[in-house]
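Single-letter residue listing:
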Amino acid sequence: MKTGWKLKSAAVVGAIAVLLTGCFNSSGGSMGGMDHSKMNMDDKSAAQQPTNTNTSTTVKVATLTGKEFTLTAKTSNQELAPGITLPVWTFNNSVPGPELRVKQGETVKINLKNELPEPVTIHWHGVPVPNAMDGIPGVTQNAVQPGQSFTYTFKADVPGTYWYHSHQDSVNQLDRGLYGSFIVEPKDGTKVDRDYTLVLDEWMSTGMSMSDMNMSGGNMSKMDMSNMDHSKMNMGNSNNKGSNSMDHSQMNMGHDMSMYDLFTVNGKSGSLVDKLPVKQGEKVRIRLINAGYLSHQIHLHGHEFKITASDGQPIHNPGILKDSVVTIAPGERYDIEFEANNPGQWLIEDHGENKAVAGMKAVIAYEGVAAGSDKPNDKEKLPVVDLTRYGQAGKMNFTLDQKYTMEYTMNLNTEMKNGDMVYTINGKTFPETEPIKVKKGDTVKVRLVNNSKTDDHPMHLHGHFFQVLSKNGKPLEGSPVIKDTLNLKPGEEYVVAFEADNEGNWMFHCHDLHHASAGMVTELKYTDYKTDFVPDPKAGNKPE
Ligand code: C2O
Ligand code: CU
């Protein structure tokens, strides 16, 4: 994958090593001789940031129910894989943050408290919230500053599987762990006996995040400098805005995905992943959420299953599948259901060539059954479920040949501009991209075309669901597919349609957030929408 990039980033990694060496040499020779307690690379953030004394590493992701929640953004350390504990950014001390479960029709309130050294926000990915609650710094609110709070409130109208994450400097903040699942339970829906959520993600086992690579975070304490006393090195997960010469757009190395070598399920990898207990005869739902930047091919062993929802929206009469993989792209969600009718211990695992798939596995463990003989077969190529011909035709909100008020085309591409790799929409990068302009009540048809040679673009529209009408010129054959995040592989073309029924200024962007941060963002703008939000130039708003 992306072989052209590897060379380049290898060179840049070398450059960083040289830079680091230079940096530390100049501050007084070998690491062992340094007085780390006095090392303070960023005064401002040192004052704001409590030293990270939280050494607890075994996390249990909480499930919170009710109508009112508090999410506190703070640093922690988490054991992601046996023996690999990394500094993370969390909501309520765990990655993922707590699962929030609310009931359809309820008005929910979430208090965000920011105890991080940098501003944050929360975006409710997929949930059609009022625009002011969408969590976009500089567009719908000012980023919540360290020590400050913000209350999100909205009515949870549409049941399904969603997730929440920071939308401030999101390529870096999601990488560090600022996300969790958000489930809207239907008023009346089919009951299952077990309802599990698996949030998928990828990490760099070196503990570096992309921002470390870019050095813009000044966060060198995360690198492997084994002689140093990390707990006392308060270099700050800082707002070191000074080192522009090293920033991501110029270094152009933030997009080599091969650096992600540690895959996690609910913040843990391999043997640390929690087992999923079931009893024979039970009906089991597994909600898959991809919080990472790579697609995963999920294979359920030992059982027939159905995909009952994509992006939280039901599939009409889904057919029975077996030994097929469900591809889940960044930002997407799939609900699968099966009957526990095959006692044993069975894997649900990622398939692919990447070595790291070995860590993205959970065990479905029948109670009272000794360990089974199931083995990983993650290198095996299995048929991939094609959502455009899955399930049964049903009621369509839109058709290909009806009249639309507005029609748009989004040509997605990878281009070199001034020596940088950028990701464009109709040849432009955000904020120069042309917004999609609509008025309330418009019907809107969008043709998305991926002209990139090797990059997938999982495109996510905020505040709306769209219906997928065709893929590569062919109308969908199975169930209507309603989504908020749609992955386009290189060369693919999709037509989608939606109703402009939620006024505001909404992001429409690639959820490979490396692509978003390097340009692939536009806005859906209601031309008749008036907002009283005034961006504060001092808030450090970073919407993409
Ligand atoms: Cu999941 Cu614009 O976000
Ligand atoms: Cu992309």
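Look above for the structure.
About the cut-offs
Throughout this description, residue numbers start from 1 for each chain and increase along the sequence as written. Chain letters start at A and ligand numbers start at 1, both assigned in the order the entries are written. Two thresholds apply to this predicted model, a pLDDT of at least 70 for residue-level local features and 80 or more for giving and counting side-chain atom pairs, whereas whole-chain, interface and lining totals are computed over all residues. Derived side-chain values reflect all non-hydrogen atoms in the structure, with water molecules and hydrogen atoms excluded from consideration. Helix numbering and strand numbering both begin at the N terminus, where a helix is a DSSP run of H or I of at least 4 residues and a strand a DSSP run of E of at least 2. Accessible area is worked out with a 1.4 Å probe on protein chains only. A residue is then buried under 20% of its type maximum, exposed over 50%, and partly exposed in between. Any two residues having at least one pair of non-hydrogen atoms within 4.5 Å are treated as being in contact. Under the convention used here, a 1.4 Å probe and the Shrake-Rupley method define accessible areas, while residue burial counts only the protein chains that appear. Any two strands are treated as partners once DSSP identifies two or more bridges connecting them. To define axes, lines are fitted to C-alpha atoms, for helices over the stretch in contact only, and angles between the resulting N-to-C directions are given on a 0 to 180 degree scale. Definitions used for this entry: grid spacing 1 Å over protein atoms alone; cavity, a set of points where a 1.4 Å probe fits but cannot get out; pocket, an open set with protein on both sides within 12 Å along at least 5 of 7 lines; lining residue, one with an atom within 4 Å of a point. Grid points are joined across faces, edges and corners, and a volume is the space filled by probe spheres set on the points. The salt bridge definition used is simple: a Lys or Arg side-chain nitrogen within 4 Å of an Asp or Glu carboxyl oxygen. We call two N or O atoms a polar contact when they sit within 3.5 Å, provided that within protein one can donate a hydrogen and the other can accept it, with sequence-adjacent residues counted only if both atoms are side-chain atoms. The nonpolar core is taken to be a set of buried Ala, Val, Leu, Ile, Met, Phe, Trp, Tyr and Cys residues, with the residues joined through side-chain atoms within 4.5 Å. Start and end positions for the domains come from either an automated domain assignment or a database one. Pairing of aromatic side chains requires ring centres within 6.5 Å, counting the rings of Phe and Tyr and the six-membered ring of Trp. Pairs whose planes differ by under 30 degrees are stacked, by over 60 edge-to-face, and all others tilted.

Another aspect to go through is the overall build of the chain. Each helix and strand in the chain was counted, giving six helices and 32 strands. The burial tally for the chain puts 57% of its 544 residues in the buried class. The long-range share in the chain, meaning contacts at least 24 apart out of those at least 6 apart in sequence, stands at 78%. Taken as a whole, the chain presents about 21700 Å² of accessible surface, with 51% of it coming from carbon and sulfur.

What follows is about the sheet that holds strand β19 (residues 345–351). One open sheet holds the five strands; their spatial order is β12-β20-β19-β14-β17, and the pairing between them is mixed. The open sheet terminates on both sides in strands that have one partner only, identified here as β12 (276–278) and β17 (326–328). Neighbour-to-neighbour, the strand axes of the sheet open up by a mean angle of 25°, direction not taken into account. In the sheet, β19 pairs with strand β20 (residues 361–366) via five bridges, with the strands oriented antiparallel. Opposite Glu-349, over in β20, you have Lys-361 as the bridge partner.

Okay, empty space enclosed by the protein next. For the structure shown, the criterion picks out two cavities of 30 Å³ or more. Its boundaries defined by the atoms lining it, the second largest cavity holds a volume of some 40 Å³. Around the second largest cavity sit Leu-198, Leu-200, Val-265, Leu-288, Ile-298, Ile-348, Glu-349, Asp-350, Met-360, Lys-361 and Ala-362, which together line it. Looking at which element gives the most residues to the lining of the second largest cavity, the answer is β19, with three residues.

Next up on the list: the pattern of salt bridges. For the structure shown, the criterion picks out 28 salt bridges. Here Glu-185 makes a salt bridge to Arg-101, at a shortest N to O gap of 2.6 Å. Taken together, the residues Glu-185 in strand β9 (residues 179–185) and Arg-101 in strand β4 (residues 99–103) connect sequence positions 84 residues apart. Residue classification places Arg-101 among the buried residues on the basis of a relative accessible area of 11%. The partner of Arg-194 in a salt bridge is Glu-282, and the shortest N-O contact between them spans 2.7 Å. With a gap of 88 residues between them, Arg-194 in strand β10 (residues 194–203) and Glu-282 in the loop between β12 and β13 (283–290) connect regions that are remote in the sequence. Each of the two residues, Arg-194 as well as Glu-282, counts as buried.

The subject of this paragraph is the side chain of Arg-194. Judged by its relative accessible area of 16%, Arg-194 is buried. Of the polar contacts made by the side chain of Arg-194, one reaches the backbone oxygen of Pro-277; its length is 3.4 Å. Residue contacts for Arg-194: discarding those within four places in its chain leaves Pro-277, Val-278, Lys-279, Glu-282, Lys-283, Val-284, Arg-285 and Glu-367.

Our next topic: the nonpolar core. Membership of the largest hydrophobic core comes to 90 residues, with the highest contact counts inside it found for Ile-286, Ile-307, Ile-348, Ile-364, Met-410, Leu-448 and Met-459. The leading source of residues in this core is β10, at five residues. Each of domain 1 (63–188) and domain 2 (406–526) accounts for three or more of the residues forming this core.

With that out of the way, let us pick up the packing of aromatic side chains. Per the stated rule, a full pass over the model turns up ten aromatic pairs. Judged by centre distance (5.7 Å) and plane angle (75°), the ring pair of Trp-124 and Tyr-152 falls under edge-to-face. Here Tyr-152 lies in strand β7 (residues 149–155) and Trp-124 lies in strand β6 (residues 123–125), a separation of 28 residues in the sequence. Each member of the pair, Trp-124 together with Tyr-152, is buried.

On the basis of which strands lie adjacent, the open sheet formed by five strands has the order β23-β32-β31-β25-β29 and mixed pairing. Every interior strand has two partners, whereas the edge strands, β23 (436–438) and β29 (485–488), have only one. For this sheet, the mean angle separating the axes of adjacent strands, direction not counted, is 20°. Bridge count between strand β25 (residues 457–461) and strand β31 (residues 505–510): three bridges; the pairing is antiparallel. Across the sheet, residue Met-459 finds its bridge partner in β31, namely Cys-510.

It is worth spelling out unusual backbone geometry at this point. For the bond running from Val-95 to Pro-96, omega is -10°, close enough to zero to count as cis. With respect to the element layout, Pro-96 can be found in the loop between β3 (84–91) and β4. The amide bond that connects Phe-430 to the next residue, Pro-431, takes the cis arrangement and shows omega of 5°. Here Pro-431 is to be found in the loop between β22 (420–425) and β23. Positive phi, close to 50°, is recorded for Asp-311, a residue that is not glycine.

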